[in-house]
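# Architecture at a glance
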Amino acid sequence: IYGARMFRREMFHVNVPRNIYLHVCGTDLVRDSSGQYVVLEDNGRTPSGVSYVLENRAIMKRVMPGLFSSYRVRAIEDYPYNLLQCLKHLAPTRSEDPSIVVLTPGVYNSAYFEHSFLARQMGVELVEGRDLIVDNSFVYTRTTGGLKRVDVIYRRLDDDFLDPLCFRPDSHLGVAGLMNAYRSGNLALANAPGTGVADDKAIYPYVPAMIKFYLNQDPILPNVPTYICANQSDRKYVLEHLHELVVKSANESGGYGMLMGHQATQAEREEYARKITADPRNFIAQPVVQLSQHPSLIDDRFEGRRVDLRPYILYGEKVIVMPGGLTRVALRKGSLVVNSSQGGGSKDTWVLDEEEAPVPGSEPAIEHSEQPNETRS
């Protein structure tokens, strides 16, 4: 834990609002060759992609309205409302109408569309760091009518850039004094600083043991078998089997810092071997998971493409799991990397209400294939 790059000593002795650290979570699930769903990784800092979920649904309703009339597809359009209620629950004051803002790094951020989309859907202000000011341990936003107090910030930038007085002094994206207001109990942040430790891929292998220790329960969904390069025996195995493993950098995301050993050249494997030897804490390795396939329209024909699923979970007054999620698809033939930054796409995802069966005679919606080398509709 102490070796995690996102571990924040500045959060020692901080009483977070409602004792909730993680308010918005996106957990990536995959299905392996046996048909078993497994957890690939957790996203606890600033999970993105939910705007694509909502936009995909809106497009599907326009393009294929008949399918929605034949099937009882559970709605996802209430996600912005649920997110807003979650943020209101965190407010340090019990006001009926707390002031909430979405803090964005700005228009040049790759997820800026989502920041503006969610702010618009929730009916709250979208602000940058330069729009906010801290005075006497309270945060205010600059408006044409003067300063207005802010109670809750849904922040969409990493810890490093939140407060130049606490984290990176060269940051121009955050707000000086923000963490002092947070420590004083005058502000709520979603997600809490330090939650990025859950994103560390070298922490991931220990999550089942954490569940057992803290909850005395076995995980409902297993992890992918993982080799921790910081362990000497694991490191030895990884270095000897690079040609059949996926190696991941512990603190990278978006498909970066990853070696697909079975597809890499000898030179690439040798380069990663040197990196692992030089900094073993920063790497984990996993067997290649042959992700399930999904029929995808490629040019003028259907072809199978690999997919994963990211459901979104909100934790406010209660835990709410979106009845859907972001199905990410690797659009390049033969690729196992589904990240949008690596050329991946996304699909609408349906969760059907079990109370009502499909209309007789109508064809089911496209489903995930039962086996990774099959496709069916």
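Nothing here was measured: the structure is a model prediction, and the numbers come from that model.

### Here's the deal with the pairing of strand 2 (residues 37–43)
Here strand 2 lies mainly inside the structure; six of its seven residues are buried. Alignment of strand 1 (residues 24–31) against strand 2, held across six bridges, turns out to be antiparallel. From the neighbouring strand, glycine 26 faces strand 2, where its bridge partner is asparagine 43. In this structure, the hairpin formed by strand 1 and strand 2 is closed by a connection of five residues, where glycine 35 is found at a positive phi of approximately 90°.

### A look at a nonpolar patch on the surface
Together, Ile1, Tyr2, Phe12, Tyr206, Met210, Phe213, Tyr214 and Leu215 make up an exposed nonpolar region whose accessible area comes to about 980 Å². Position of tyrosine 206 relative to the elements: it lies in the loop between strand 9 (188–190) and helix 6 (207–215).

### A look at the confidence of the model for the chain
On average, the chain scores 90 in pLDDT, and the residues at 70 or more come to 93%. Counting contacts from residues 360–377, a segment whose pLDDT is below 50, to residues more than four positions away or on other chains yields 42 contacts.

### A short note on the pattern of salt bridges
As enumerated under the stated definition, the model contains 23 salt bridges in all. For the salt bridge of arginine 328 with aspartate 28, the shortest nitrogen-to-oxygen distance reads 3.2 Å. In this pair, arginine 328 sits in strand 18 (residues 326–329) while aspartate 28 sits in strand 1, placing the two residues 300 residues apart along the sequence. Aspartate 28 shares its class with arginine 328; the two are buried. The closest approach of N and O atoms between aspartate 353 and arginine 72, which form a salt bridge, is 3.1 Å. You can see aspartate 353 sitting in the segment after strand 19 (345–347) and its partner arginine 72 sitting in the loop between helix 2 (65–70) and helix 3 (79–90), a full 281 residues away along the chain. Through salt bridges with shared partners, a single ionic network connects Arg8, Arg155, Asp159 and Asp160.

### Structural notes on the sheet that holds strand 11 (residues 245–249)
Strand order across the open sheet formed by four strands is 10-13-11-12, with antiparallel pairing between neighbours. Looking at which strands have only one partner, the edges of the open sheet turn out to be strand 10 (227–228) and strand 12 (258–260). Summarising the sheet, strand 11 and strand 13 (residues 283–287) pair through five bridges and their orientation is antiparallel. Residue valine 247 lies in a different strand from strand 13, and its bridge partner there is alanine 285.

### Observations regarding the nonpolar core
Residues Tyr79, Leu83, Leu87, Leu118, Met122 and Tyr154 are the most contacted members of the largest nonpolar core, which totals 27 residues. Of all the elements in the fold, those that place two or more residues in this core are helix 1 (50–63), helix 3, strand 3 (100–103), helix 4 (112–122), strand 8 (152–155), strand 9 and strand 16 (312–315). Ranked by the residues each element gives to this core, the list is headed by helix 3, at five residues. Apart from residues lying up to four places away in sequence, tyrosine 154 is in contact with Val24, Leu83, Leu87, Val101, Val102, Leu103, Leu118, Met122 and Ala190.

### With respect to the packing of helix 1 against helix 4
Describing two packed helices takes the angle between their axes plus the distance from one axis to the other. Packing of helix 1 against helix 4 brings their axes to within 9 Å, and their N-to-C directions diverge by 70°. Comparing the axis directions of helix 1 and helix 4 gives the class roughly perpendicular. Both helix 1 and helix 4 take part in a crossing whose hand is left-handed. Along its contact with helix 1, which presents Val50, Ser51, Tyr52, Leu54 and Glu55, the element helix 4 presents Phe113, Glu114, Phe117 and Leu118. For the contact of helix 1 with helix 4, the residue count by class is six nonpolar, one polar and two charged.

Quick notes on the rules
Residues numbered from 1 in each chain as written. Predicted model: local features only at pLDDT ≥ 70, side-chain atom pairs only at ≥ 80, totals over all residues. Heavy atoms only, no water. Buried < 20%, exposed > 50% of the residue type's maximum accessible area, 1.4 Å probe, protein only. Helix = DSSP H or I, 4+ residues; strand = E, 2+ residues; numbered from the N terminus. Pairing = 2+ DSSP bridges. Patch = residues over 30% accessible without salt bridge, like charges linked within 9 Å, V, L, I, M, F, W, Y side chains within 5 Å. Areas by Shrake-Rupley, 256 points an atom, 1.4 Å probe, with all protein chains shown as cover. Salt bridge = Lys/Arg side-chain N within 4 Å of Asp/Glu carboxyl O. pLDDT = per-residue confidence, 0-100. Contact = heavy atoms within 4.5 Å. Core = buried A, V, L, I, M, F, W, Y, C linked by side-chain atoms within 4.5 Å. Axes fitted to C-alpha atoms, helices over the stretch in contact; angles between N-to-C directions. Parallel < 35°, antiparallel > 145°, perpendicular 65-115°, else oblique. Left-handed = near helix turned anticlockwise from the far one by under 90°. Nonpolar A, V, L, I, M, F, W, Y, C, P; charged D, E, K, R; others polar.

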